[in-house]
Amino acid sequence: MKKSTTFLIIALKRLLDGETLTDLPPAKNSNQYFATIKKHGVALVEVWKPNIANAGQHKERSLHQTIENIERAKKYLESLHGIRH
């Protein structure tokens, strides 16, 4: 399994578990994984938050909590695992 797929699986599992994410350590560019998730039709709630340590901002992301979106996220996660329906 490719690293990029592994990071996508980790992100989707954590989002489905109800976590709010800002990044995916140790991924170098977490934004690309969130963009890929959105390209597959999974809606994320994205909110800009101020950084504690400096004047910058970061995005907090969580899964949009609708039945359809949760099912879409689960199906995408299954496809990453190679599960077909």
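Described below are features of the structure shown in this document. (Residues numbered from 1 in each chain as written. Predicted model: local features only at pLDDT ≥ 70, side-chain atom pairs only at ≥ 80, totals over all residues. Heavy atoms only, no water.)

## Description of the overall build of the protein chain
Working step 1: When you go through the protein chain residue by residue, the secondary structure sums to three helices and two strands.
Working step 2: Reading the secondary structure of the protein chain in the N-to-C direction produces α-α-β-β-α.
Working step 3: Sequence-distant contacts, at least 24 apart, represent 48% of the contacts inside the protein chain between residues at least 6 apart.
Working step 4: Charge-centre separation for the protein chain: the mean point of 14 positive side chains lies 8 Å from the mean point of 8 negative side chains. (Helix = DSSP H or I, 4+ residues; strand = E, 2+ residues; numbered from the N terminus. Contact = heavy atoms within 4.5 Å. Lys, Arg positive; Asp, Glu negative; His and termini not counted. Charge placed at Lys NZ, Arg CZ, Asp CG, Glu CD.)

## Here we look at the environment of K75
Working step 1: Position of K75 relative to the elements: it lies in helix 3 (residues 67–80).
Working step 2: Looking at K75, the relative accessible area reads 54%, which means it is exposed. (Buried < 20%, exposed > 50% of the residue type's maximum accessible area, 1.4 Å probe, protein only.)

## A look at the side chain of R61
Working step 1: Secondary-structure assignment places R61 in strand 2 (residues 57–63).
Working step 2: Here the side chain of R61 touches E46 through a polar contact of 3.1 Å, side chain to side chain.
Working step 3: Look past the residues within four positions of R61 in its chain and what remains in contact with it is L15, E19, T20, L21, T22, N31, F34, L44, V45 and E46. (Polar contact = N/O pair within 3.5 Å; in protein donor to acceptor, adjacent residues only side chain to side chain.)

## Here's the deal with the pattern of salt bridges
Working step 1: Using the criterion set out here, one finds four salt bridges in the structure.
Working step 2: The partner of R61 in a salt bridge is E46, and the shortest N-O contact between them spans 3.1 Å. Of the two residues, R61 is situated in strand 2 and E46 in strand 1 (residues 44–50); the sequence distance between them amounts to 15 residues.
Working step 3: We classify R61 as buried; its relative accessible area is 5%.
Working step 4: Owing to a relative accessible area of 29%, E46 belongs among the partly exposed residues under this scheme.
Working step 5: Residues joined in a network through salt bridges with shared partners are K38, E46, K59 and R61. (Salt bridge = Lys/Arg side-chain N within 4 Å of Asp/Glu carboxyl O.)

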